[in-house]
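Reading the structure
Each chain, written out:
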Amino acid sequence: METPARRKRRWPRIVLWAMGSLAALLLAAAVAGVLWLRTVARAALPQLDGQIRVAGLSAPVTVQRDAHGVPHIEAARQEDLWLAQGYVTAQDRLWQMDLYRRFAQGGLAEILGPALLKRDEAQRVLEIRNTAQRIYAQLDPADRARLDAYARGVNLFIAQHEDRLPPEFRLLAYRPRPWSGVDSVSVGLMMVQDLDTHWMDKLSRGRIASRLHDPRLEADLYPVGSWRDRPPTGEVRYKGPKTPVPMPAEDDDDDTEVASAAGAAGNGRPAGAETQTLLARLGLPQCDGCVPGSNEWVVAGAHTAGGKPLLSNDMHLSLTAPNIWYMADLRAPGFHAAGVTLPGLPFVIAGHNEHVAWGFTALMGDVQDLYEEKLDGKGHYQGADGAWRPLQVDRETIHVRGRGDVSFTVQLTDHGPLLNPMLEHETRPIALKWTLYDPALHEIPLYAMDAAGNWKEFAEALSAWCWPTQNVVYSDDQGHIAYHAVGQIPARAAGLAGVPIADAAHEWHGYIPFDNLPGVMDPPSGFLATANARVTTEKSRYPLTLDWVSPYRVQRIYKALEGRDGLTREDMLAVQTDIYSEVDQELGQRFAYAILHTPGVDGQLRQAAALLRAWDGRLTTNSAAASLVTETRRALWPMILKPKLGTLAEDYHWEESSFAEEEMIMRGKQEWLPPGYRNWNALLTDAVRHALEEGNAPADVARWRYGNWHTIDVEHPLAPFLPLLSRVAGTGPQPMSGDTTTVKQVGRSFGPSQRFTMDWSNIDASTENIVLGESGNPLSPYYRDQWSDWYDGTTFALPFTPPAVAAQTRHTLRLTP
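Our subject in this report is the structure included herewith. Here the structure is a predicted model, which means the values were calculated and not measured.

**Quick notes on the overall build of the protein chain**
Looking only at helices and strands, the protein chain has 23 helices and 25 strands in total. For the protein chain, whose C-alpha radius of gyration is 28 Å, the value lies close to the compact-globule estimate of 28 Å for 817 residues. Across the 817 residues of the protein chain, 61% fall into the buried class. In the protein chain, once contacts between residues fewer than 6 apart in sequence are set aside, the share between residues at least 24 apart is 73%.

**A word on the sheet that holds strand S1 (residues 50-53)**
Sheet architecture is open: 11 strands sit in the order S1-S25-S2-S3-S6-S7-S8-S9-S16-S17-S18, paired in mixed fashion. Two strands in the sheet have a free side with no partner beyond their single neighbour: S1 and strand S18 (519-521). The mean angle between the axes of side-by-side strands here comes to 20 degrees, regardless of whether they run parallel or antiparallel.

**Quick notes on the environment of Val771**
With respect to the helices, strands and loops of the structure, Val771 is situated in the loop between strand S24 (767-770) and helix H22 (787-792). Between the alpha carbons of Val771 and Ile324 there is a distance of 9.0 Å; along the sequence they are 447 residues apart. Leave out the neighbours within four places in its chain, and Val771 touches Leu319, Asn323, Pro752, Ser753, Gln786, Trp787 and Trp790.

**Quick word on helix H8 (residues 181-196)**
End to end, H8 covers 22 Å across 16 residues, agreeing with the expected 22 Å (1.5 Å per residue, within 8%). Of all 16 residues in H8, 16 are buried; the element is thus mostly enclosed.

**Notes on the nonpolar core**
Membership of the largest hydrophobic core comes to 153 residues, with the highest contact counts inside it found for Trp199, Trp325, Phe458 and Leu815. With 14 residues, helix H2 (residues 78-105) is the single largest residue contributor to this core. When sequence neighbours within four positions are dropped, the list of residues in contact with Leu815 reads Ile52, Val54, Leu57, Ala59, Pro60, Val61, Val63, Ala84 and Tyr87. Membership of the second largest hydrophobic core comes to 47 residues, among which are Leu221, Ala609, Leu648 and Leu692.

**Things to note about the environment of Leu779**
For Leu779, the position within the fold is in the loop between S24 and H22. A relative accessible area of 24% means that Leu779 is categorised as partly exposed. Sequence separation between Leu779 and Arg38 is 741 residues; the distance between their C-alpha atoms is 7.7 Å. Apart from the residues within four sequence positions on either side, Leu779 is in contact with Arg38, Ala41, Arg42 and Leu45.

**Notes on unusual backbone geometry**
Across the junction of Ala321 and Pro322, the peptide omega takes the value 0 degrees, indicating a cis bond. A positive phi is found at Phe347, a non-glycine position, where the angle reads about 80 degrees. Relative to the elements of secondary structure, Phe347 occurs in the loop between strand S7 (335-341) and strand S8 (350-353). The phi dihedral of Asn696 is positive, around 55 degrees, even though this residue is not glycine. Along the chain, the position of Asn696 falls in the loop between helix H20 (680-694) and strand S20 (711-712).

**Observations regarding the environment of Met521**
Among the secondary structure elements, Met521 is positioned in strand S18. The residues touching Met521, leaving out its near neighbours within four places in the chain, are Trp455, His480, Ile481 and Ala482.

**Brief notes about H2**
Along an α-helix, a turn takes 3.6 residues, which lines up residues three or four apart on a common side. When the terminal C-alpha atoms of H2 are compared, their 29 Å separation across 28 residues is substantially less than the 40 Å that a helix rising 1.5 Å per residue should span. Largest kink in H2: about 95 degrees, centred on Arg93. Burial within H2 is extensive, with 27 of its 28 residues counted as buried.

**Remarks on the pattern of salt bridges**
One pass over the full model with this rule turns up 38 salt bridges. Close ionic contact of Asp759 with Arg569 constitutes a salt bridge, the shortest N to O distance being 2.6 Å. Remark: Arg569 occurs in helix H15 (residues 569-576) and Asp759 occurs in strand S23 (residues 754-759); sequence separation between them is 190 residues. Judged by its relative accessible area of 6%, Asp759 falls in the buried class. According to the relative accessible area criterion, Arg569 is partly exposed, its value standing at 26%.

**Let's talk about the packing of aromatic side chains**
Enumeration over the complete set of coordinates arrives at 20 aromatic pairs. Ring centres of Tyr87 and Phe157 lie 5.5 Å apart, and the angle between their planes is 90 degrees; this geometry places the pair in the edge-to-face category. You can see Tyr87 sitting in helix H2 and its partner Phe157 sitting in helix H6 (residues 141-160), a full 70 residues away along the chain. Side by side, Tyr87 and Phe157 carry an identical accessibility label, which is buried. Pairwise contacts between aromatic rings join Trp82, Phe335, Phe347 and Tyr447 into one cluster. Above the ring of Tyr558, the side-chain terminus of Arg230 is found at 4.2 Å from the ring centroid.

**Description of the packing of helix H17 (residues 603-614) against helix H18 (residues 624-645)**
Packing of H17 against H18 brings their axes to within 9 Å, and their N-to-C directions diverge by 105 degrees. Judged by the inter-axis angle, H17 sits roughly perpendicular to H18. Only Ala624, Ala625, Leu628 and Val629 of H18 make contact with H17, whose side of the interface consists of Ala608, Leu611 and Leu612. Across the contact of H17 with H18, the residue classes tally to 7 nonpolar, no polar and no charged.

**Quick word on the pairing of strand S17 (residues 481-486)**
Most of S17 is tucked away, with 6 of its 6 residues classed as buried. Alternating positions in S17 separate into two faces, Ile481, Tyr483 and Ala485 on one and Ala482, His484 and Val486 on the other, with burial throughout. Where strand S16 (residues 470-476) folds back on S17, the antiparallel hairpin that results is connected by 4 residues, among which Gly479 adopts a positive phi of roughly 95 degrees.

**Some words on the side chain of Ser627**
Tracing the sequence through the fold places Ser627 in helix H18. The contact partners of Ser627, leaving out residues within four places of it in the chain, are Trp704, Arg705, Tyr706 and Trp709.

**Points about a nonpolar patch on the surface**
Residues Trp36, Leu171, Phe721 and Leu722 make up a contiguous nonpolar surface patch of roughly 310 Å² in combined accessible area. Examined against the element boundaries, Leu722 turns out to sit in the loop between S20 and helix H21 (724-729).

**A look at the side chain of Ser226**
When you line up the elements, Ser226 lands in the loop between helix H10 (215-221) and helix H11 (273-281). In this structure the side chain of Ser226 is engaged in a polar contact, spanning 3.1 Å, whose partner is the backbone nitrogen of Arg228.

Criteria and thresholds
Residues numbered from 1 in each chain as written. Predicted model: local features only at pLDDT ≥ 70, side-chain atom pairs only at ≥ 80, totals over all residues. Heavy atoms only, no water. Helix = DSSP H or I, 4+ residues; strand = E, 2+ residues; numbered from the N terminus. Rg over C-alpha atoms; globule rule 2.2 N^0.38 Å. Buried < 20%, exposed > 50% of the residue type's maximum accessible area, 1.4 Å probe, protein only. Contact = heavy atoms within 4.5 Å. Pairing = 2+ DSSP bridges. Axes fitted to C-alpha atoms, helices over the stretch in contact; angles between N-to-C directions. Expected span 1.5 Å × (residues − 1). Core = buried A, V, L, I, M, F, W, Y, C linked by side-chain atoms within 4.5 Å. Bend = angle between axes of the 7 residues up to and from the residue. Salt bridge = Lys/Arg side-chain N within 4 Å of Asp/Glu carboxyl O. Phe/Tyr/Trp six-rings, centres within 6.5 Å; stacked < 30°, edge-to-face > 60°. Lys NZ or Arg CZ within 6 Å of the ring centre and 35° of its normal. Parallel < 35°, antiparallel > 145°, perpendicular 65-115°, else oblique. Nonpolar A, V, L, I, M, F, W, Y, C, P; charged D, E, K, R; others polar. Patch = residues over 30% accessible without salt bridge, like charges linked within 9 Å, V, L, I, M, F, W, Y side chains within 5 Å. Areas by Shrake-Rupley, 256 points an atom, 1.4 Å probe, with all protein chains shown as cover. Polar contact = N/O pair within 3.5 Å; in protein donor to acceptor, adjacent residues only side chain to side chain.

Okay, here's the thing in C-alpha cells:
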C-alpha cells in the first residue's frame, strides 16, 4: 500500500509529465499547422508554363514571365488583353485584391471580426462604396467595357481555382465573391482616399486655434510654403533668408537668432491622440512626416549621357506584404504600356509606353472642406440659402465575424455625409464636402494616358483627371520634358479654409481650369522636380492648398541634380536612395552649440556635442549622431507645444510641421520658449538630455547606433491576427537608414513603394523595382526576390521591346479560347 509520503513525491512528476505532454501537443499542433499552411500555399502556386483554356477569349494570349516573374502579356485584341490582365493579376494577388475592395467598401469585419468594425463604419460613413457604384455607372461605355473585361478575367480564375485558392482564404475559411467593375473603381478610390484625405488637419487646427487665441501663434504652427520651396515653374515663391543667420557670440547667452534656418520635426513622432485615432481608422500613415507622397524629376537630353531625357519616380506609401504595386507589360494592337499596376484595376498606373513616360507625386490639393451644419432635431438641415431640407439617409449593415450584424444610418446634407459617427468627441454636426462626391466628376483617364503618343494627347488625357490631385512629370521619345498639376480642385471665392466652416461664404464655385494649374514644358533649365512641397508662386492665380509638405526633399533633389551634365541612370538611383539631410545636420550643429554654451553639462552631453559637430549629415545605420538628432527632435517638440496647447499638443498635425519647428528653433522665437528656461540654449540642451534618457542611450554615446532602433518592418496584413505569418511572410525589423527629411523618405512601415527610371536612349535599360516581389504567395520564388534590390538600393532593367522580353523570358503560358 502506497504511503501518503510516496503519493506526495509523485505529484511533481505527474505535473511535469502533464506539462511536457501539453508542450509536445502544442509543438505537434504548431508543426502540423505549418505543414498544412505550406501544403495549401504550394497548391495555390499559379501555373506559369504550358496552356490554360480561358473562356471568353477571342484568340490566344501569350504571357511571358521574365527573371523577376513580371508578366509580359500580348493579345491580338485589346478586350482580350484586359481579360488576361485580370486573370494573370489574380494568379499572383487575388487575396490582396479582395482585401483592397473590402478595405475600400467597408467589409473587413466580415472576415476579420469586430476589431475592424470601426474601420468599416468609417468607410461606410465616407460613402466610398456608394460613390464607386455611381462612378462606374457614369463611366464612358468604352472604359466600363474595359473594367468588365478585367472582371471577367478575375472571375474565370476564381472559377477555375475554387479548390486551390490562396492560403489566406483557407486560413480565414471564406471564398471570394465575384469581381465586378464597381470593385475595380473601389480599389481606385482607395488610392484617392489615401492621397487626398486631409480633413482631420482642419478639425484639429480649429481646436488648436481656439486654444491659442492668437493668429500670429497659429501662423507659426501652420506655415503655408517656405523660402526653401522650388516650384517646378522655376519662379521663386517669395523672398526669404538664403544665407545662414550667424550663431550668437560665445559670450552671448540670450535668445539671438542662430545658425542657418534649418531643422526638422521629429521623424516617427506619433500624431495627436484624436488625429492618430482617425489616421489609424482610415488606414493612413500615423507617423509625422510619413506623407503619402513621392519624389519625381525629369532631365532633358542636353544634360544626360545618352542625349535623351531621363525620368525618375519613387512613390512613398505604406508598405505591406505583398507590395501595393504589381509590375506588368501589356501589349495589343494600338496599345503597349509597362510599369506598375494596382491589383484590382486594369491599365498601367505609372510607367511608359513606346513614346511617352510619366510619374506621379501627391499634389496635396485641397479638395475637402468641413462644414458646421444646422439641424432642427427633426431630420432636417439648413442649406446655404437658408432653406430647411430633409437629411438624406443611407442605411448600412456591416456583417461582423463572430457576432451579429451591425446596422446604422449615415445622414447626408447637400455638402456630404455627417462625420459624427466617427468623431467620438465632436458635438457639432460636421459634414464633409469632397470632390469625390460631385456627380459631375466620373472620369478615370488611365487608358488615354497609357495610349498617348505625344504631349498633346497626354495633356488632353490629364485635363480629364478628376482625383487624386497629383503632380505629373513627363518625357517622350522626341526629347520633350514637361510638368503639370492635375485634379479637380474647387474654386473658392472666399479663399481656402483651414478650419471647419460655419458660414455660407465659403461655398464652392466650380473648379480651377486645367490651364490655370501649374505647368511647364521644356524649361530652359532642362530640369523639373516635385516632392509634395509647394508648386505655386506669388504669380499663381489660384491657391491650391494650405497644407503643403516640408520642402527638404525637393530642395535636396534640385541641389543634387540641377546644373549637372552627363547624367546617367546610376545618378538617378543615387539620388533616389540619398540619405543626406541638410536640415538634420544643421540642426545637429545647433544642438551642439547649445550644449557647449550651457554651463554645468556632464561628460555624456559633451560627448554628444562632439559627435554632432563632426557629423556629415548622412543618416546611416551606424551613426550615433543620427540617433541624437532624431531622438532630440522627438523629445523637443512636445516641450515646445505643451505649455501653450496642453493636451491639444498631442492633436497637432500639419504636413509642414517640420518647417514650423525649424523656424521656431533656428530663429529662437521668444514667444515659443517654454517657461522655466532662460534661453533656447538651455531648452535645446535639456531636450538632448531627455533624448538620451528616453532613448535609452548607452553611457558611451558613440555606440548609440541609428540602425539598432530605427528599423523597417514590412508585414503581412494578417500578422496582427496570426503572428506566425510575420515570420513566414514578412521581413521582420531591419535596420534602416534615412528619415522623413531625406530623399529616401522612410518610416517603420513606410517608404518608396517602387523605384522607376525611364531612359529614352535605351528603352530596354530603363529600370523598375518594387519592394518585395510580384507574387503574394510566400512559397513563390517571386515573393521576395526584389527585397534585396530595394533594401540595398540597387535595381534592374524591365525589358520592353519583344527581343528584350524574349531574351529574359523564363516562363511562357498560353491562354487559349
